[in-house]
Amino acid sequence: MEFGVLGPLTVIRDGRPLRVEGLHSQRVLAGLLLDAGRPVSVGQLIDLAWDEPPATARQQLRTAVHRLRRTLGPPAGPSLRTVRSGYQLDLADCRFDVAEFTTGVAGARRLAAADALAAAADAFHAALALWRGEALAGLAGDALARHATRLDELRLAATEECAEVELRLGRHRRLVPQLRQLTAEHPLRERFAVLLMTALIHDGQRPDAIAVYQEHARRLHDDLGIDPGDALREAYLDAIGRPADGDPVTSAPPSGPPPSDPPPSGPAPRHLPRAPRRLIGREPELDRIAHAGQHPGPGPHVVVIDGMAGVGKSALALTAARAAQARYPDAHLFIDLHGHSEHEPVTTHDALGILLRQLEVDQRSIPDSGPERVALWRRRLQGQRTIVLLDNAAGSAQIDPLLDLDGPGLVLVTSRTRLAPIDGATCLSVDLLDQRDAVALLRDTADDRVSADPVAAAAIVELCGRLPLAVRLVGHRLRHRPRWTIDMMATQLADAARAPIAISAEGTSAEAAFDLSYRQLQPRQQLLFRRLGLHPAGTFEVWAAASLADLPMEETTDLLDRLVEVNLVQADIPGQYRLHDLVRAFAASLVTEPERAAAVERMLHGYLYAMDRAGHHLMVTARAAVLPVPPAPYGPVFADDAAGAAWALANWPRLMEQVRIAEQAAAHGYTARLALMALHSADVFGLSADGLRLAEQAIAAAETLGEDALVASANHLAGGLYLRLGRYADCRASVERAIHLYQRLGNQELARNLRKNTIILLRHEGRHLEGVRLAVDVCRVAREQHDPVGEAIARVESAATLHQLGRHLAAQRELIAAVPVLRLTGHALSVALGWLGSVNIALGQHAAAGVVLTWAINLKRQLGNLGGAAETLSDYGRLLTANGDPQAGLRLQQQAYDQACALSDGYFEPIIANHLGETLTVLGRGEEALTLHGRALHEARRRQWPYEQARAQVRTAAALLRARGERAAAERATAVARLTALGMSAEAAADVCDLPARNRDRYERTRLPPRVIG
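Residues numbered from 1 in each chain as written. Predicted model: local features only at pLDDT ≥ 70, side-chain atom pairs only at ≥ 80, totals over all residues. Heavy atoms only, no water.

Enquirer: With reference to specific residues and values, describe the overall build of the protein.
Expert: A count of helices and strands for the protein gives 47 helices and 17 strands. For the protein, with 1014 residues in total, the buried portion stands at 56%. Taking contacts inside the protein between residues at least 6 apart in sequence as the whole, the part at least 24 apart equals 68%. (Helix = DSSP H or I, 4+ residues; strand = E, 2+ residues; numbered from the N terminus. Buried < 20%, exposed > 50% of the residue type's maximum accessible area, 1.4 Å probe, protein only. Contact = heavy atoms within 4.5 Å.)

Laid out in structure tokens, this is it:
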């Protein structure tokens, strides 16, 4: 049996074609053929068969496979079998054109390497003859289009190699028509242009070869904004004939295409390459250069442009030079100094020779002495209004003599390196494009398909890091793949980890540009640079870089500063450094596996140590399981708890990434411990969803390790996160599992303390009386076990529950007993103080409330407890309102509400919305209050939170009365019923319902000026 995909899909048995019914079955067969002999997963086959898989895709796939088995026939033919992950097609003795093609090309290459050229040419032709058209023709689809592109690239590469062999055989004339056609079909494929020029040169058609170079160079500049590659430049030198003295520098071809018009007659030299057709997103830089060129004075003005590889420095300089031509009519000079290229940098001596030749100085009149060349250079440009573009400078020493001019000229210098200061120069560092300009560049390079899918276009430019070179290369690839959609390209870039840097045209790619910069580094700089690619977030501190490189901090700082100078690393914020995404991907690709494992372990250890130092005030429970954390050689230093909490919040995405890296590396100890150290931070930062992912990772890793203490701690902390999200059943399950494990480990203290979470859970479920009884039991057991801190924590939760039942004096007694015991506990103390302030407000003890609320706010902020601080700030607003200044209270509560809404889990929103609505009602702004209470009621219902539902209904009734004169008896009755169901007395429930009216009456009656509290 024979199979073919190098053209339309074909299946032939006994010389007769077989029909494969159905497009989906054809796509599935093509996918199985392309991975013949290897398992293909169900997911991969579904992606091949459907661009948008239906809900029944798996069932339809099974049907398609069944049909294929019937079509392919008896076991003597190919075997299509079910494997664990999906399906596998074994071709046995069957023929497959892709296999024959690759085998034939490999054989041809071996013959060419052995100089058996005639046989190699025949083998190449035989392999290429297997192609019957475009690969997989007629099987359009996102996934198969990528396979078709890969196969087409193999054919083009084989075609190039075949032509090279034919040239070596002297078959120049007969190759010219074929190569002209291939160059026309693939206008930006440099190798075809080189081969055509070589054939034309050997056939005596040098002018035609030069024309090929000029046309190809123009296309590169117009479409990609880049210069021809080395191979094409070498072909150009062959076409024009190398000089007898063999001076490759003086005879070098222009870096860009020649000017669109021939140089004018007369003594005004014109040597600027053609500028890009359109420069997008650089208007501010062009304005600065134009302004710099208008300065008064006798000497030239120098503009130095630096930036990372591929950012568009040369394009900017050429565009600025072209725009300034009218102001500088006497001469326009250009030289590529090769500071960052495959060539050796041009020496200053040779650069002066080239520039003097451009000024039409006869070669015989150019002195051999360096100082004499500089003097001649000064004389020729004295008083001249000249543009000199020094492109791709290696450093200041290379260009200093070239700047020694005595005329009102404009000198533009580009370099990847930040050059030493030049007196009076304007310095520009070219940054990445913003997203809008990057999308515009993609559209300009590709076509209007970009406008049809703005979401995919935005994704593409972000995957390209908004680096102009990468965006242009992707746009070029899109332009020459008219069947591709923008979404297909975005999917390909996202699927292939290094695709954006590896995409190339004519040997030019972001990867190649970065590689040139890398090779010019010193060995220690290279070591640090490539290991920085292992940092997952791109942004890092010096200590993290030192950990990866295993170098001293001082040396690491010096090396980082050097990498900043050559624009491989950015330093936007003091103390922090950043790698562009594509640069980071390139750096990571350079790391060897042995050094990768060791560097990653050092990095993980460094972050675990940093989190230990930053979060010790938060992580009492987790630390018990994680400790001891061995000290790391390097790590951040925190002045106080607030600094540690601020660092943890600022580095949150990086901490999540560290856990992911540990998980991928199967470093289970680091996975569990890093996740645990971050879990409580997730709670106080309002990042509950992130925290639950961490909890799952910690539990899985700890179970793999068999460490029950880690499993218990992860469940312990996960319970609090489930509570904040209103997932009470999950909360109870996590807490009970943690208690069980603590008891099995013999840690009765943690098991007992964890029961306080059950008190909190009962309060949220509206089972307040059960919560009070459980708190009494926990306190009793803690006393018996001589655990004063455990007893105090249980008293705080008992007080919170009593307070919500309207039993404020009892709650106050519990809190007054607990606070002194908790004075050294940080987080627990801040919670106790917050509740005590709220209780004091309810009891009318305003001065005392002001003192403890201020203390609680400051402490919670220091600990990074953002939501808790917002809740207590809102309570302070309630205090101001109760004290006669609702306007001031409203300002604080609005601030607190904004802070709560900024947290991702929404836990504090209903609490503070009710506070805010209550104050709005006092101020007579009932309609606004109704909106806030409506939001609170919706959130409380969604979370099944009876107490906050009741509060929202009570406040809604009061707001209706103020806004519309309606007495919302039904709302009030529902609220009273809900409050009494919690265990509140009828009197206390009525008191809660009457509180808004009392506050309003007090405000109307007194209109007191604001008072200073406590």
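Once you've had a look at it, read on.
Enquirer: An account of the pattern of salt bridges is needed here, citing residue identities and associated values.
Expert: The final tally for this structure, using the stated rule, is 48 salt bridges. The partner of E160 in a salt bridge is R189, with the nearest N and O atoms 2.6 Å apart. With a gap of 29 residues between them, E160 in helix α6 (residues 142–168) and R189 in the loop between α7 (172–185) and α8 (190–202) connect regions that are remote in the sequence. With a closest N to O distance of 3.4 Å, E791 and R795 form a salt bridge. Separated by four residues within a single helix, E791 and R795 lie in helix α37 (residues 788–804), roughly one turn from each other. In this structure E791 comes out as buried when scored by relative accessible area, which is 13%. Take R795: its relative accessible area is 22%, and that puts it in the partly exposed class. Shared partners join several salt bridges into a network, and the residues in it are R732, E765, R767 and E770. (Salt bridge = Lys/Arg side-chain N within 4 Å of Asp/Glu carboxyl O.)

Enquirer: I'd like a rundown of the pairing of strand β2 (residues 10–13), residues and numbers included.
Expert: Where strand β1 (residues 2–4) meets β2, three bridges bridge the pair, whose relative direction is antiparallel. Pairing of G4 across the sheet is with T10, part of β2. In this antiparallel pair of consecutive strands, β1 and β2, the connection spans five residues, and G7 shows a positive phi of 135°. Taking the residues that link successive antiparallel strands as the turn, the β2-strand β3 (residues 16–17) hairpin has two residues, and the phi of D14 there is positive, at about 55°. (Pairing = 2+ DSSP bridges.)

Enquirer: Pulling in residues and values, what's your account of unusual backbone geometry?
Expert: Although it is not a glycine, E360 sits at a positive phi angle of roughly 65°. On the secondary structure map, E360 appears in the loop between α13 (348–358) and α14 (370–381). Unusually for a residue other than glycine, N392 sits at a positive phi of about 65°.

Enquirer: Residues and numbers for the packing of aromatic side chains, please.
Expert: Here the structure, examined in full by the defined rule, presents ten aromatic pairs. Between Y907 and F908, the ring centres sit 4.8 Å apart and the planes meet at 90°, which makes this aromatic pair edge-to-face. Judged by relative accessible area, F908 falls into the buried class, the value being 6%. A connected cluster of aromatic rings, assembled from ring pairs, spans W543, Y607, F638 and W647. Between R155 and the ring centre of W131, over which it is positioned, the NZ or CZ distance is 4.7 Å. (Phe/Tyr/Trp six-rings, centres within 6.5 Å; stacked < 30°, edge-to-face > 60°. Lys NZ or Arg CZ within 6 Å of the ring centre and 35° of its normal.)

Enquirer: Mind laying out the sheet that holds β2, listing which residues take part and the relevant values?
Expert: The mixed open sheet is built from four strands, whose spatial order is β3-β2-β1-β7. The open sheet terminates on both sides in strands that have one partner only, identified here as β3 and β7 (95–96). As judged from the two bridges shared by β1 and β7, these two strands associate in the parallel manner. The partner of F3 across the bridge, within β7, is F96.

Enquirer: Could you give an account of the environment of L279, with specific residues and numbers?
Expert: Mapped onto the elements, L279 comes out in the loop between α10 (230–240) and α11 (283–292). A sequence separation of 37 residues divides L279 from L316, and the C-alpha atoms of the two residues are 7.3 Å apart. Apart from the residues within four sequence positions on either side, L279 is in contact with L286, A315, L316 and T319.

Enquirer: Explain the side chain of D875 to me, using residue names and the numbers behind them.
Expert: If you trace the backbone, D875 turns up in helix α41 (residues 866–882). Relative accessible area serves as the criterion here: at 7%, D875 is assigned to the buried category. A distance of 2.7 Å separates polar atoms of two side chains, one belonging to D875 and the other to R878. Residues within four places of D875 in sequence aside, it is in contact with G834, S838, I841, L853 and H915. (Polar contact = N/O pair within 3.5 Å; in protein donor to acceptor, adjacent residues only side chain to side chain.)

Enquirer: Can you tell me about the packing of helix α32 (residues 688–705) against helix α33 (residues 708–724), naming the residues and giving the values?
Expert: Put simply, α32 and α33 touch, their axes get as near as 9 Å, and they point 160° apart. Between α32 and α33, the crossing angle belongs to the class labelled roughly antiparallel. Between α32 and α33 lies a crossing of left-handed hand. Between α32, through S688, G691, L692, A695, A698, I699, A702, E703 and L705, and α33, the contact on the second element is made entirely by L710, V711, A714, N715, A718, L721, Y722 and R724. Among the residues forming the contact of α32 with α33, the class breakdown is twelve nonpolar, three polar and two charged. (Axes fitted to C-alpha atoms, helices over the stretch in contact; angles between N-to-C directions. Parallel < 35°, antiparallel > 145°, perpendicular 65-115°, else oblique. Left-handed = near helix turned anticlockwise from the far one by under 90°. Nonpolar A, V, L, I, M, F, W, Y, C, P; charged D, E, K, R; others polar.)

Enquirer: Describe the sheet that holds strand β10 (residues 386–391), with residues and values.
Expert: The strand order across the open sheet formed by five strands is β9-β10-β11-β8-β12, and the pairing between neighbours is parallel. Of all strands in the sheet, those bounded by a partner on one side alone are β9 (331–336) and β12 (426–429). Recorded for the sheet is a direction-independent mean angle of 10° between the axes of neighbouring strands. By the bridge criterion, six bridges tie strand β8 (residues 301–306) to strand β11 (residues 410–415) in an arrangement that is parallel. Looking across to β11, one finds that V304 is bridged to V413. The strands touched by helix α12 (residues 313–323) are β8, β10 and β11; relative to β11, the strand with the most contacts, the crossing angle is about 170°.

Enquirer: Please give an account of the pairing of strand β5 (residues 79–82) that cites residues and values.
Expert: As judged from the four bridges shared by β5 and strand β6 (residues 86–90), these two strands associate in the antiparallel manner. Each residue of the ladder has a partner; that of S79, found in β6, is D90. Between β5 and the antiparallel strand that follows it, β6, lie three residues.

Enquirer: Describe the environment of L960, with residues and values.
Expert: Positionally, L960 belongs in helix α45 (residues 946–964). On the basis of relative accessible area, L960 is assigned to the buried category, the value being 11%.

Enquirer: Quick rundown of the packing of helix α43 (residues 909–922) against helix α44 (residues 926–942)? Include the residues and the values.
Expert: Two elements in contact, α43 and α44, have axes whose closest approach is 8 Å; the angle formed by their N-to-C orientations is 160°. Considering the angle they form, α43 stands roughly antiparallel to α44. At the point where α43 passes α44, the crossing takes the left-handed sense. Contacts between α43 and α44 involve P910, A913, N914, L916, G917, E918, L920 and T921 from the former and G926, E928, A929, L932, H933, A936, E939 and A940 from the latter.

Enquirer: Tell me what's going on with the environment of L478, and back it up with residues and numbers.
Expert: Assignment of secondary structure puts L478 in helix α19 (residues 468–479). C-alpha separation for the pair L478 and R443, spaced 35 residues apart in sequence, amounts to 9.9 Å. Filtering out sequence-adjacent residues up to four positions away, L478 remains in contact with L442, A446, R449, W484, T485, I486 and M489.

Enquirer: Account for α19, with residues named and values stated.
Expert: For α19, built from twelve residues, the straight-helix expectation of 16 Å at 1.5 Å per residue is met to within 8% by its first-to-last C-alpha distance of 16 Å. With eleven of twelve residues buried, α19 is to be regarded as a mostly interior element. For α19, the set of buried residues is P468, L469, A470, V471, R472, L473, V474, G475, H476, R477 and L478. (Expected span 1.5 Å × (residues − 1).)

Distances and angles like these do not, on their own, reveal function.
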